[in-house]
Amino acid sequence: MIKLAPSILSADFAKLGEDVVRIDKAGCDWIHIDVMDGMFVPNISFGMPVIKAIRGLTNKFFDVHLMIEEPIRYLQQFKEAGADMVTVHVEACEDVEKTIDEIHKLGIKAGLACNPETPVDDIVPYINKVDMILIMTVHPGFGGQSYIDECTEKVEIVNAIVNEYRLDTLIQVDGGVNTENVCIPLDAGANVIVAGSAVYKGDVEKNIEVFKNKFISF
Ligand code: DX5
Ligand code: ZN
């Protein structure tokens with residue numbers, strides 16, 4: 001089953017609660033929550049208090065994407081704020097394995113992300129240690145960018161490994177995915193689709209329905 005994880009980075013922050021309830025009611029699978037520290041990426045979004053504030057509005061799975069340096073410092077706090085999964089960047093952790101272990105020790109799922117310029121070899125050693133691999137398909141930091149085609153090959157490589165070793169590691173893509181191009185990462189083996197602007201721009205309910213219809217044949 002393919003999952004749709006709308007990114008609330010593209011929501012209207014002046015009415016964030018309403019925008020969260022809207023994607024929930026429209027049938028999204030997960031809620032993708034982008035946390036940026038202004039160090040790992042050149043932008044600052046929001047942190048734990050905001051996650052805590054929306055946690056009471058929905059029972060959907062909170063997929064927290066940490067674009068922050070040394071996320072190990074804050075894992076406990078993100079769990080307490082309501083994260084069901086925390087995804088960290090391979091480029092941002094001094095000790096990747098320890099960070100993954102710490103996430104699991106908290107009793108939540110762990111994801112590992114890699115930037116477009118990061119070789120897939122950097123994440124391969126961890127595919128069997130995490131619940132999800134996140135292949136970034138834009139340079140992280142901002143919503144509304146264009147999908148970088150070269151990243152599709154990394155999805156194929158991770159998918160081949162997952163199949164070969166019969167792993168249940170999920171494969172997520174994030175950045176520039178819309179209803180027109182979503183079949184590209186799906187064909188490559190992605191099974192969790194993040195979409196920010198493609199969900200929140202225009203008619204949210206309709207956008208989610210179109211995404212879900214595209215998923216049917218996969
Ligand atoms: C980018 C974030 C993405 C972003 C995606 O740094 O990780 O989750 O919100 O937005 P779109 O779908 O608009 O590219
Ligand atoms: Zn993200």
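Residues numbered from 1 in each chain as written. Chains lettered and ligands numbered in written order. Predicted model: local features only at pLDDT ≥ 70, side-chain atom pairs only at ≥ 80, totals over all residues.

Going by this rule: UniProt positions are given in the numbering used here, feature names are shortened, and annotations may be inferred rather than shown by experiment.
The name an unreviewed UniProt entry assigns to the chain is Ribulose-phosphate 3-epimerase, from the organism Eubacterium segne. The Catalytic activity (unreviewed entry) field of the UniProt record for the chain holds the comment "D-ribulose 5-phosphate = D-xylulose 5-phosphate". The heading Pathway (unreviewed entry) in the UniProt record of the chain holds the text "Carbohydrate degradation."

## Describing the overall build of the chain
Quick reminder of the rule: Where helices and strands are cited, they refer to DSSP runs of H or I of at least four residues and of E of at least two residues respectively, numbered from the N terminus. The atom set for the radius of gyration is the C-alpha atoms, and the globule formula is 2.2 Å times the number of residues raised to the power 0.38. Neighbour density around each residue's C-beta defines its exposure: 20 or more other C-beta atoms within 10 Å make it buried, 12 or fewer make it exposed, and counts between make it partly exposed, where C-beta atoms are placed from the backbone.
The helix and strand tally for the chain stands at 8 helices and 8 strands. Since a compact globule built from 218 residues should have a radius of gyration of about 17 Å, the 16 Å found for the chain is in line with a globular shape. For the chain, the spread of C-alpha atoms along the three principal axes comes to 40 × 40 × 30 Å. Here the chain, with 218 residues, has 43% of them falling under the buried criterion.

## Looking at the nonpolar core
For the record, the criterion: To form a nonpolar core, buried Ala, Val, Leu, Ile, Met, Phe, Trp, Tyr and Cys residues must be joined through C-beta atoms within 7 Å. Any residue pair is listed as a contact if its two C-beta atoms, each placed from the backbone, are within 7 Å.
Counting residues in each nonpolar core, the largest one holds 63 residues, and the members touching the most others are I31, V64, V86, I133, I135 and I193. With sequence-adjacent residues up to four places away left out, V86 is seen in contact with V64, L66, L75, F78, I103, I108, A110 and G111.

## So, the UniProt feature "binding site: substrate" (unreviewed entry) in the chain
Mapped onto the present numbering, the UniProt feature "binding site: substrate" (unreviewed entry) falls at S7, H65, G141, F142, G143, G144, D174, G175, G176, G196 and S197. Judged by the 27 C-beta atoms lying within 10 Å of it, H65 is buried. Sequence-distant contacts of H65, defined by excluding residues within four places in its chain, comprise H32, I33, D34, V35, T87, A113, L134 and D174. Position of G175 among the secondary structure elements: in the loop between β7 (170-174) and α6 (183-188). G175 has contacts with M136, T137, V138, Q145 and Y147, leaving out every residue within four places of it along the chain.

## Observations regarding the site of ligand 1
Under the convention used in this document: By definition, a residue lies near a molecule or strand when the C-beta atom built from its backbone is within 6 Å of it. Ten residues, namely Ala, Val, Leu, Ile, Met, Phe, Trp, Tyr, Cys and Pro, are considered nonpolar, four, namely Asp, Glu, Lys and Arg, are considered charged, and the remaining ones, Gly among them, are considered polar.
With respect to spatial proximity, 22 residues lie near ligand 1, and among them S7, P140, G143, G196 and S197 are the closest. At the level of secondary structure, the elements contributing two or more residues to the shell around ligand 1 comprise β2 (30-36), β8 (192-195) and α7 (197-200). Taken together, the residues of the shell around ligand 1 sort by class into 8 nonpolar, 12 polar and 2 charged.

## Focus: the environment of H65
With respect to the element layout, H65 can be found in strand β3 (residues 61-67). Residues H65 and R55, 10 residues apart in the sequence, show an inter-C-alpha distance of 15 Å.

## So, helix α4 (residues 96-105)
Under the convention used in this document: Along the arc lie the directions from the helix axis toward the C-beta atoms.
Looking at α4, one finds that the buried residues are V96, T99, I100 and I103. Around the axis of α4, the buried residues are gathered within 100° of arc, so they sit on the same side. Every exposed residue of α4 that faces more than 90 degrees away from the buried side is listed here: E97, K98 and K105. Where α4 ends, the next residue or the one after it, G107, has phi of about 85°, a positive value.

## What about unusual backbone geometry?
Although it is not a glycine, E70 adopts a positive phi angle of roughly 45°. Within the secondary structure, E70 sits in the loop between β3 and α3 (75-81). On the basis of neighbour count, E70 is assigned to the partly exposed category, with 15 C-beta atoms found within 10 Å. In this structure, R166 is a non-glycine residue whose phi angle is positive, near 50°. Relative to the elements of secondary structure, R166 occurs in the loop between α5 (152-164) and β7. With 6 C-beta atoms packed within 10 Å, R166 lands in the exposed category.

## Details of the pairing of strand β5 (residues 109-114)
Going by this rule: At least two DSSP bridges between two strands are required for those strands to pair.
Most of β5 is tucked away, with 5 of its 6 residues classed as buried. As judged from the 5 bridges shared by strand β4 (residues 85-89) and β5, these two strands associate in the parallel manner. Following the sheet pairing, T87 is matched in β5 by G111. With 4 bridges joining them, β5 and strand β6 (residues 132-136) adopt parallel strand pairing. Considered in β6, the bridge of A113 is made with L134.

## A short note on the sheet that holds β4
Each strand in a sheet pairs with another by means of backbone hydrogen bonds, the pair being arranged parallel or else antiparallel. Where we set the bar: To get an axis, fit a line to the C-alpha atoms, keeping to the stretch in contact for a helix; angles then go from 0 to 180 degrees between the N-to-C directions.
In spatial order, the strands read β1-β8-β7-β6-β5-β4-β3-β2; together these 8 strands make up an open sheet with parallel pairing. A single partner strand is all that each edge strand has here, and the edge strands are β1 (3-6) and β2. Here the average twist between neighbouring strands, direction ignored, is 25°. Strands β4 and β5 of the sheet are contacted by α4, whose axis makes an angle of about 150° with β5.

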